[in-house]
Amino acid sequence: MSVTELLLQMNKSVDFLRFSNVTNDGSKKVWVNYYYTLIDTDFLHRDILNHITSRPWSNLQDLKNILPIEAVTISSDSKEILEKMLTGFIFVQIGEHDKSGLLVRSEFVQTRAVSLPEVEFSVIGPKESFVENVDSNINMIRRRLSTPMLTIEEKLLGTMSRTRIATMYIEGIVNKDNVNIVKTRLDEVQFDHINDSSYIAQLISDNDNTIFPLLLDSERPDRVVSALAEGKVVILVDGSPHGLIGPTTLVEFFSSFEDYYISYFLASFFRLIRLFGVAFSILVTPLYVAVLTYHYELIPKDLLSTLISSRREVPLPPILEAIFLELTIELLREAGARLPTKVGQTIGIVGGIVIGTASVEAGLTSNVLLIIVALAALASFTTPVYKMGNTIRLLRFPFLLFAQLWGLLGIVFCFCILAAHLLRLTSLGRPYLEPIYPPRVTDMKDALLRLPFSMQKERPGQLRTQKPQRTIKQKQKFKKDIDE
């Protein structure tokens, strides 16, 4: 397609403008082409047209020299002209049908201000999160990593959206194999539009047939900076307030970045609480179904009478009773998430109380199971990463099915299937279950527990970084002077 044909095609859109402008002495004329919805019109009139009409010039090179703007190029490539104009460039021609012209950057970026994290909120630590503009996000990272070794590579993805994708890593620390894997997979992406970082996470994932997230997404600049310093690769997508971190492991999804802002004793305790909450959320309802269906002998006599009295008026078997309550909880979650904030909170609280009380009084469920399901739902909220929280919500249902089929043996069998699946998963080619399997003692210092910084002298072994040792000075013991 020629330049003239390209401009004629663009002119069919209502937000495309093409007009001529005459110099002050009336001797020359230029043709200006742009999408007014993409450019800063004040910048156009103040810094571009003002210089073109008031200063002498004779050709495109003279025009380029008189404009006090960095991003000015001369081009006759229709593909480049199309790509640049769709990202906020102005195309200036001397003749109406000239094949060459000036491409002048004049993009208008409208984005929201930096605000508090909404998904990964923490009481302690920085209170800013990424926004939808990739340049603003890079700025937040650069301010925290003042090193020239921080390398950023950018490319456009999406045949229609032409979305900017920034790949970030620290030269001299990162394993080049990880960088090459990311770059190769991004090069292989063929998709018409990229709206969010979640698209990239799915398109470059090691395994499409899993419910587990294989790349950690974060809205916190401090978490991304920490990942870069460890030797990981970060992907930022223009239009997305989340950054992707890889390679990652399963245990990282259960560690909150607030753990690093408090004492390691407290951090380790809270991390264990989260892991217990996840196990409790997945297994407690299936255990209820298995025990009441097959293993009454496991229930203490004092508790057995309570369970029998609570189920005396319930006509449903334990599995239907459990599925009814689990689905009710999920419906309340979805309704609360999709409705406006204030209405959603009301639905979640009032709906849970009303439906729970009514189902017990109607004899559809037992009050014991109602308490168990409510505690399981509460425990699932301890997962600090939203995508992993969704995975935990789904895992309960296959465990329920296996508990109904074979009791405790079914739960063990389902757990073996889950373990086998996790053992096969990889994140950018690295084991997903590391450091549990393959076991790495050095990486255990920041896995199930968080040991002091003085003991974390090495970067994660699975990353195979160029510089395994961290810069950590041995903590000195200070003696307090006491005046006699």
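Residue numbers run consecutively from 1 along every chain, following the written order of its sequence. Note on the predicted model: pLDDT of at least 70 is required for a residue's local features to be given, and 80 or more for side-chain atom pairs to be given and counted; whole-chain, interface and lining totals, by contrast, use all residues. With hydrogens and water set aside, each side-chain value is computed from the structure's full complement of heavy atoms.

(A) Representation of the overall build of the protein chain. A count of helical and extended segments in the protein chain gives 14 helices and twelve strands. For this measure, only C-alpha atoms enter the radius of gyration; the expected value for a globule follows 2.2 Å times N^0.38, where N is the number of residues. Its C-alpha atoms give the protein chain a radius of gyration of 30 Å, more than 25% over the compact-globule value 23 Å for 484 residues. Dimensions of the protein chain, computed from the C-alpha atoms along their principal axes, are close to 105 × 70 × 50 Å. Per-residue burial over the protein chain gives 45% buried out of 484 residues. Between two residues, a contact is recorded if the distance between any of their heavy atoms is within 4.5 Å. Put simply, of all contacts in the protein chain between residues at least 6 apart along the chain, 64% involve residues at least 24 apart. In these tables, accessible area is a Shrake-Rupley quantity obtained with a 1.4 Å probe, and a residue counts as shielded only by the protein chains included in the view. Here the protein chain displays about 25,500 Å² of accessible surface, and carbon together with sulfur accounts for 60% of that area. Separation of charge centres in the protein chain, based on 51 positive and 52 negative side chains, amounts to 5 Å. Secondary structure counts use DSSP, requiring at least four H or I residues in a row for a helix and at least two E residues in a row for a strand, with both numbered from the N terminus. Relative accessibility thresholds used throughout: buried, under 20% of the residue-type maximum; exposed, over 50%; partly exposed, between the two (1.4 Å probe, protein chains only). By the counting scheme adopted, Arg and Lys are positive, Glu and Asp are negative, and His together with the chain ends is not counted. Charge placement uses NZ in Lys and CZ in Arg. For Asp and Glu, CG and CD serve respectively.

(B) Quick peek at the side chain of Glu 230. Tracing the sequence through the fold places Glu 230 in helix α8 (residues 221-230). Apart from the residues lying within four places of it in its own chain, the contact partners of Glu 230 are Ile 173, Arg 459, Pro 460, Leu 463, Thr 465 and Arg 470.

(C) Fine view of helix α14 (residues 386-424). Taking 1.5 Å per residue, 39 residues should reach 57 Å; α14 reaches only 23 Å between its end C-alpha atoms and comes up short. When the local axis directions of α14 are compared, the greatest deviation, roughly 140 degrees, occurs at Trp 406. One fewer than the residue count of a helix, multiplied by 1.5 Å, yields its expected span. Values of bend correspond, residue by residue, to the angle between axes fitted over the seven residues ending at that residue and the seven starting there.

(D) Region of interest: helix α5 (residues 134-144). Those residues of α5 lying buried are Val 134, Asn 137, Ile 138, Met 140 and Ile 141. For α5, the angular spread of buried residues about the axis comes to 155 degrees, placing them on one side. Its buried side turned inward, α5 meets β6 (150-157), β7 (163-170), α8 and β9 (233-237). Note that the arc is computed from the directions linking the helix axis to the C-beta atoms.

(E) Fine view of the sheet that holds β7. One bridge is not enough; two strands pair if DSSP finds at least two bridges between them. Strands sit in the order β6-β7-β9-β10-β8 across an open sheet of five strands; the sheet is antiparallel. In this open sheet, the two strands that pair with only one neighbour each are β6 and β8 (216-218). Sheet twist, expressed as the average angle between the axes of neighbouring strands with direction ignored, equals 25 degrees. Two elements, β6 and β7, share eight bridges in a ladder whose sense is antiparallel. By the bridge assignment, Lys 155 is partnered in β7 with Ile 165. Relative to the sheet, helix α6 (residues 176-187) contacts β6, β7 and β9, its axis offset from that of β7 by approximately 170 degrees. Orientation is described by axes fitted as lines to C-alpha atoms, over the contacting stretch for helices, and by angles from 0 to 180 degrees between their N-to-C directions. On top of the sheet, α8 reaches β6, β7, β8, β9 and β10 (243-246); it is set at about 50 degrees to β7, its chief contact.

(F) The arrangement of the pattern of salt bridges in detail. Salt bridges, as used here, are contacts in which a Lys or Arg side-chain nitrogen is within 4 Å of a carboxyl oxygen on Asp or Glu. Counting across every chain of the model gives 27 salt bridges. We note a salt bridge from Lys 232 to Glu 252, for which the minimum N-O separation is 2.5 Å. Placement of the pair is Lys 232 in the loop between α8 and β9 and Glu 252 in the loop between β10 and α9 (264-294), with a sequence separation of 20 residues. In this structure Lys 232 comes out as buried when scored by relative accessible area, which is 2%. Because the salt bridges share partners, they merge into one network encompassing Glu 326, Glu 330, Arg 333, Glu 334, Arg 393 and Arg 396.

(G) Representation of the packing of aromatic side chains. The aromatic pairing rule takes the rings of Phe, Tyr and Trp, using the six-membered ring of Trp, and pairs them if the centres are within 6.5 Å, calling planes under 30 degrees apart stacked, those over 60 edge-to-face and the rest tilted. In total, this model carries 14 aromatic pairs according to the counting rule given. Where Phe 19 meets Tyr 34, the ring centres are 6.0 Å apart and the plane angle is 90 degrees; that geometry is what we call edge-to-face. Highlighted residues: Phe 19 in strand β1 (residues 16-22) and Tyr 34 in strand β2 (residues 29-35), separated in sequence by 15 residues. Between Phe 212 and Tyr 432 the ring centres are 6.5 Å apart and the planes differ by 70 degrees, which places this aromatic pair in the edge-to-face class. Here Phe 212, found in the loop between α7 (197-203) and β8, pairs with Tyr 432, found in the segment after β12 (430-431); they are 220 residues apart in sequence, far enough to count as distant.

(H) Geometry of the sheet that holds β1. The antiparallel open sheet is built from five strands, whose spatial order is β1-β2-β4-β5-β3. Bordering the open sheet on either side are β1 and β3 (72-75), each of which pairs with just one other strand. Taking the axes of each pair of neighbouring strands and ignoring which way they run, one obtains an average angle of 25 degrees across the sheet. Across seven bridges, the pairing between β1 and β2 is antiparallel. The partner of Asn 21 across the bridge, within β2, is Val 30. Each of β1, β2 and β4 (89-93) touches helix α1 (residues 3-10); the most contacted strand, β4, lies at about 125 degrees to it.

(I) Structural detail: the side chain of Ser 197. Along the chain, Ser 197 turns up in helix α7. Residue classification places Ser 197 among the buried residues on the basis of a relative accessible area of 1%. A distance of 3.0 Å separates the side chain of Ser 197 from the side chain of Ser 240, its partner in a polar contact. Not counting the four nearest positions on each side in its chain, Ser 197 is found in contact with Val 237, Ser 240, His 242 and Leu 244. Polar contacts here mean pairs of N or O atoms no more than 3.5 Å apart (in protein, one a potential hydrogen donor and the other a potential acceptor; neighbouring residues in sequence count only if both atoms are side-chain atoms).

By themselves, these figures tell us nothing about what the structure is for.
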